[in-house]
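# Observations on chain architecture
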Amino acid sequence: MLKKLVVLQSVCLAFFLACCNNVEKSKKISLEQKEEIKQEVIKEKPLYIAIGNTVTQKEAYVYYKPLIDYIGIKLEKPVKILVKESYAEINRLMDLDEIDVAFLSSKAYVDGYDNYKIQILAVPQIGGIVQYSYIIVPKDSTVNSFKELKGKTFAFVDSMSNTGKLVPHGMLTNMGEKPDFYFKKNIYTYAHDNSIKMVAQRIVDGAAVSSIVWEYLNKTNSELTSKTKIIHKSPPYAMPPVVVRPNLDPEMKKKLKKILLEMDNDEKGKSILNKMKIEKYVSVENSAYDEIRKLKQWIME
């Protein structure tokens, strides 16, 4: 009897140890699976790329989507497009690490660099690496100079747009004038094509717009530009850049820059650039934007 009891106890102990061992294995597998899932989530986290208000949101999405999709394919990483209504919002979100890459205006870059150390990846080359501010009026307008717009209605693009705000503001400062007193009324349209449309439709008497946008529309859809005329062309300024947040992984920055700078050597990349009316992307130094800094400082003084 005692012998049977000892055997039964041994069997029970072996069963108990086996169960414990299986539980431990189950726990180990469960933890490993959770870690794998966690790593998979991290691996698939998208790269957030923002587009500023160069043109209206719908047009911006159509214009930039092939390029951004191309970047995702080259990186072998998902990307997410964010279209924002103001450059200030993009800069703020980059500072919060909620946006990784952005297509900014030149002045928005200057503000972003000076405040948050946002970094340039590249700029588009379109017949050169400079742009201009165009002052435009309706085609049949009797106004032929910026001075003649005094007492008229005028459209700016965005407070952080160089060609759509800073440059014409500098012209007024040079004349000893301020926008709120010089114009009968001034508004913000938050997109260069919006400003062109408002001039073409005679909703406003004049506007300041980017030469890049006006020339692009003039080549691809001249319905609006044909109803406007350019009465002033500013001195040249540095191109709107593609930028990254300062603490983005250095290796990712290198990859992004390489993709942009080599697009014109790739058949698919070249095709996308051709449709965007861009020759290629090139490198520029931060110092290329010093003229904008000087203009900004002069207006503030």
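Check the entry above for the structure.
Below, the structure is looked at part by part. Just so it is clear, the model here is predicted, and its values are computed rather than measured. (Residues numbered from 1 in each chain as written. Predicted model: local features only at pLDDT ≥ 70, side-chain atom pairs only at ≥ 80, totals over all residues. Heavy atoms only, no water.)

It is worth spelling out the overall build of the protein chain at this point. Counting its secondary structure elements, the protein chain contains 11 helices and 13 strands. Every one of the 301 residues in the protein chain was classed for burial, and the buried ones make up 44%. Within the protein chain, counting contacts between residues at least 6 apart in sequence, those at least 24 apart form 79% of the total. Summed over its atoms, the accessible surface of the protein chain is roughly 16500 Å², and 54% of this surface lies on carbon and sulfur atoms. (Helix = DSSP H or I, 4+ residues; strand = E, 2+ residues; numbered from the N terminus. Buried < 20%, exposed > 50% of the residue type's maximum accessible area, 1.4 Å probe, protein only. Contact = heavy atoms within 4.5 Å. Areas by Shrake-Rupley, 256 points an atom, 1.4 Å probe, with all protein chains shown as cover.)

Taken in spatial order, the 6 strands of this open sheet run β2-β1-β3-β12-β4-β13, and their pairing is mixed. Taken across any chain shown, the strands that pair with only one partner, and hence form the sheet edges, are β2 (79–83) and β13 (280–282). The sheet shows a mean angle of 25° between the axes of neighbouring strands, direction not considered. With 5 bridges connecting them, strand β1 (residues 47–51) and β2 associate as parallel partners. Within β2, the position partnered with Tyr48 by the bridge is Lys80. (Pairing = 2+ DSSP bridges. Axes fitted to C-alpha atoms, helices over the stretch in contact; angles between N-to-C directions.)

With that out of the way, let us pick up the packing of aromatic side chains. Evaluation of the coordinates by the stated rule reveals 15 aromatic pairs. Considering the side-chain rings of Phe146 and Tyr182, the 6.2 Å spacing of their centres and the 20° angle between planes classify their relative orientation as stacked. Separated by 36 residues along the polypeptide, Phe146 in the loop between β6 (133–138) and β7 (153–156) and Tyr182 in helix α6 (residues 179–182) bring together distant segments of the chain. Phe146 gets classed as buried once you look at its relative accessible area, which sits at 6%. Judged by relative accessible area, which is 3%, Tyr182 ranks as buried. (Phe/Tyr/Trp six-rings, centres within 6.5 Å; stacked < 30°, edge-to-face > 60°.)

Right, let's get into unusual backbone geometry. Residues apart from glycine generally show negative phi values, whereas peptide bonds are mostly found in trans. One non-glycine residue, Asp97, adopts positive backbone phi at about 65°. In this fold, Asp97 is placed in the loop between α3 (87–95) and β3 (101–103). Residue classification places Asp97 among the partly exposed positions, given a relative accessible area of 35%. Its identity is not glycine, yet Lys277 carries a phi of approximately 65°, on the positive side. On the basis of relative accessibility, which here comes to 37%, the residue Lys277 falls in the partly exposed class.

For the pair α3 and helix α4 (residues 106–116), the least separation of the axes is 10 Å and the interaxial angle reads 30°. Overall, the two elements α3 and α4 adopt an arrangement that is roughly parallel. You can see that α3 and α4 cross each other, and the crossing is right-handed. Mapping the contact onto sequence places Tyr87, Asn91 and Asp95 in α3 and Ala108, Asp111, Gly112 and Tyr116 in α4. Residue classes in the contact of α3 with α4 are distributed as 3 nonpolar, 2 polar and 2 charged. (Parallel < 35°, antiparallel > 145°, perpendicular 65-115°, else oblique. Left-handed = near helix turned anticlockwise from the far one by under 90°. Nonpolar A, V, L, I, M, F, W, Y, C, P; charged D, E, K, R; others polar.)

Time to look at the pattern of salt bridges. Pairs can form between side chains of opposite charge once their charged atoms are near each other. Applying the stated criterion to the full structure yields 13 salt bridges. Across the salt bridge formed by Lys296 and Asp111, the nearest N and O atoms sit 2.5 Å from each other. Taken together, the residues span a long stretch of sequence, with Lys296 in helix α11 (residues 290–300) and Asp111 in helix α4 at a distance of 185 residues. A relative accessible area of 8% places Asp111 in the buried class. (Salt bridge = Lys/Arg side-chain N within 4 Å of Asp/Glu carboxyl O.)

Within the fold, Pro124 resides in strand β4 (residues 119–125). Residue classification places Pro124 among the buried residues on the basis of a relative accessible area of 9%. When the C-alpha positions of Pro124 and Tyr281 are compared, they lie 4.5 Å apart, and in sequence the two are 157 residues distant. Residues in contact with Pro124, not counting those within four places in the same chain, are Ile129, Met239, Pro240, Ile278, Lys280 and Tyr281.

Where helix α7 (residues 192–200) meets helix α8 (residues 211–220), the axes come as close as 9 Å, and the angle between the chain directions of the two elements is 65°. As summarised for this structure, α7 and α8 are arranged roughly perpendicular, according to the angle between their axes. The two elements α7 and α8 meet at a crossing, and its hand is right-handed. Residue-level contacts link His192, Asp193 and Ile196 of α7 to Val213, Trp214 and Leu217 of α8. For the contact of α7 with α8, the per-class residue count stands at 4 nonpolar, 1 polar and 1 charged.

Let us now look at the pairing of β4. Side-chain direction in a regular strand flips from residue to residue, so the side chains alternate between the two faces of the sheet. The element β4 is extensively covered by neighbouring structure, given that 6 of its 7 residues are classed as buried. Pairing geometry for β4 and strand β12 (residues 242–244), over 3 bridges, is antiparallel. Its bridge partner lying in β12, Gln119 is registered against Val244. Here β4 pairs with β13 via 3 bridges, running antiparallel. Note on β13: the bridge partner recorded for Val123 is Val282.

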